[in-house]
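Fold and contact review
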Amino acid sequence: MTLAATVSLSADDARRIALRAQGFLGAPDRRAGVRGVLRHLGAVQLDTISVLARSHELIPYARLGAVGRTAVEEAYWSDRHAFEYWSHAACILPIEEWPHFAFRRRIKRAQDYRWHKMKDKDASCRLVLDRLRAEGPLTSTELGGAKNGGPWWDWSETKIAVEWLLDAGDVVVTERRGWKRVYDLPERAVPDALLHDDLDDRECLRRLVALAGRSLGVGTRADIADYHRLKGEQVDSVIADSGLVPVEVEGWTKAAWADPAALATVPRGRHRTTLLSPFDSLVWDRPRTERIFDFAHRLEAYVPKPKRIHGYFAMPLLAGGRLQGRVDPAREGSTLVARQLSLTTPGAARPMAEALREAAQWVGCDTVRVERAGSPEEAAAVTAELAAL
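Residues numbered from 1 in each chain as written. Predicted model: local features only at pLDDT ≥ 70, side-chain atom pairs only at ≥ 80, totals over all residues. Heavy atoms only, no water.

**So, the nonpolar core**
With 48 residues, the main nonpolar core has Y76, F83, I92, V209 and I224 as its most contacted residues. It is helix α10 (residues 201-216) that contributes the most residues to this core, seven residues altogether. Ranked by size, the runner-up nonpolar core spans 34 residues in total, among them L52, M352, V370 and V382. (Core = buried A, V, L, I, M, F, W, Y, C linked by side-chain atoms within 4.5 Å. Buried < 20%, exposed > 50% of the residue type's maximum accessible area, 1.4 Å probe, protein only. Helix = DSSP H or I, 4+ residues; strand = E, 2+ residues; numbered from the N terminus.)

Structure representation (C-alpha cells):
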C-alpha cells in the first residue's frame, strides 16, 4: 500500500537529513560513545579487510573522532551489549534487536543449510552444543578447527555445524577474539527478556523497516530494503504501519519515505570532515550514494590491480556535507601513505589534508606522504596543506 505523498523535500534537504540521521551533521553524542553510534545506526558492517583499521572500527571513528581502538572493541563486545548476525551483511547489531531477527532465523532454518551440507547433521550439531554447554564460549578453532586444511571455503564439519547453528539462532556470537568469532549459547549471551522468537514475521519486518527509515532519515523503497537486506515486497507489506511518512524528493524518480522525527526540525550543525570506510552505512548503498551525493564509488579490493582506478581500499572524503574526493591509504611504519588520491573540487585539498592528518594520528602515524594523485596539481595542493597543518 502506498500513501499519497504530503511532504516535498529539496535534494539538499534530503542530503542533510541523511547526514544527520547517520551522525555526520550536528554535535556528536560523545557521552553515548561507540554504543550510542551502534544504536543510532542499527547495524555496523564487519569485513575482513584492514587498512587503517577494520571497518567496524572506522565507523565510530568517522563520527566521534579519535576513539581508542581498544575502547571500540570493548564497547561492542562487552556486557552483552551487541551480537553478530546477518543484516546488511555480517553486522554488529544492538542486542535489543535480537527478537526482531526471528524472521530471518526462521528463514535460515527452513533452508536447512547455508553453503555446505554436513555429513551427519544431528551428531555434528549435538557435539558443538555439548561442547559449548560444558566449556563455555569457544572459537571454531577451539571447537576442533575451522578448515579441513585446504582453501578457506573448505570448512571442517565442526565449522559447518557451528555456522549453521548460528544461522538458526541455536548459538550466538557476542564477541570477536583476534577476529575469530566466539560462539556461545543464547541462554548465556542474550538477556532473558530478549531471548525469544515470539514475534511474527510481520512485526519483525515492521520494526526493521522503521529502524532503517530512522537510520537513513529518508529513503526509497530500495534504500530501506537494502539497509537490512529485506525484499522489496517485505517492505511493501509493512511500510504503511512502520510510522514512516511518504515524501517527494526533488530529482528522485522513485517514491520515498522519511522518519517523521527527521522532518520535525531543520538539520543544522557542524559537518564532520573525515574519511569513510567503503562499508560505512552512509555509502554502502552505491546507487543511493550516487543519487544523494552525485558521487560514484566502487570498492576495488577485488578488482585486478592493473584495472583499479582509485585503489585497493579507496575511502571517500566527507567534508562540508559532501563527498569531495577519495584516497587509498596505507601504513608504512609510522607514515600514512596516500597511495592514490583524487579531489572533486580544488577546494577539497584542505579538508583532505585535515582528514589524512587526523587519521594518521589515530592509527599512531606521525607523518603523511602523498604517493600519487589524480594530477600533479592535486598532489602539490594536498602536500602543501599537510605542511601547513
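There's plenty left to go through after this.
**Some thoughts on the sheet that holds strand β1 (residues 7-9)**
One open sheet holds the four strands; their spatial order is β1-β9-β10-β8, and the pairing between them is mixed. Each having just a single partner strand, β1 and β8 (218-220) make up the two edges of the open sheet. For this sheet the average axis-to-axis angle between neighbouring strands, irrespective of direction, equals 40°. Bridging between strand β9 (residues 245-249) and strand β10 (residues 256-258) involves three bridges; their strand directions are antiparallel. Paired with P246 across the bridge in β10 is W257. (Pairing = 2+ DSSP bridges. Axes fitted to C-alpha atoms, helices over the stretch in contact; angles between N-to-C directions.)

**What to know about the pattern of salt bridges**
Applying the stated criterion across every chain yields a total of 33 salt bridges. Between R207 and E97 there is a salt bridge, with its nearest N and O atoms 2.5 Å apart. Here R207 is found in helix α10, whereas its partner E97 is found in the loop between β4 (90-94) and α5 (102-111), with 110 residues between them in sequence. Assessed through its relative accessible area of 23%, R207 is described here as partly exposed. The partner of R372 in a salt bridge is E371, with the nearest N and O atoms 3.2 Å apart. The network of salt bridges with shared partners includes E84, K159, E163, R176 and R181. (Salt bridge = Lys/Arg side-chain N within 4 Å of Asp/Glu carboxyl O.)

**A closer look at the sheet that holds strand β13 (residues 322-332)**
Two pairing modes exist for strands in a sheet, parallel and antiparallel, and in both the strands are linked by backbone hydrogen bonds. Reading across from one edge, β11-β12-β13-β14-β15 is the order of the five strands in this open sheet, with mixed pairing throughout. Edge strands, defined here as strands with exactly one partner in the open sheet, are β11 (274-275) and β15 (367-370). Where β13 and strand β14 (residues 335-343) come together, eight bridges link them in antiparallel fashion. Bridge pairing in β14 places E332 opposite T335.

**What to know about helix α14 (residues 286-293)**
Within the sequence span of α14, burial applies to R288, T289, I292 and F293. Each buried residue of α14 lies within a common arc of 100° when the element is viewed along its axis, so the set occupies one face. The inward-facing, buried residues of α14 contact α1 (11-21), α10, β8, α11 (221-227) and β13. (Arc of directions from axis to C-beta. Contact = heavy atoms within 4.5 Å.)

**Examining the pairing of strand β12 (residues 315-319)**
Most of β12 is tucked away: five of the five residues are buried. By the alternation rule, side chains of β12 split into M315, L317 and A319 and P316 and L318, which are all buried. In the sheet, β11 pairs with β12 via two bridges, with the strands oriented antiparallel. Across the sheet, T274 pairs through a bridge with L318, a residue of β12. Where β12 folds back on β13, the antiparallel hairpin that results is connected by two residues, among which G320 adopts a positive phi of roughly 60°.

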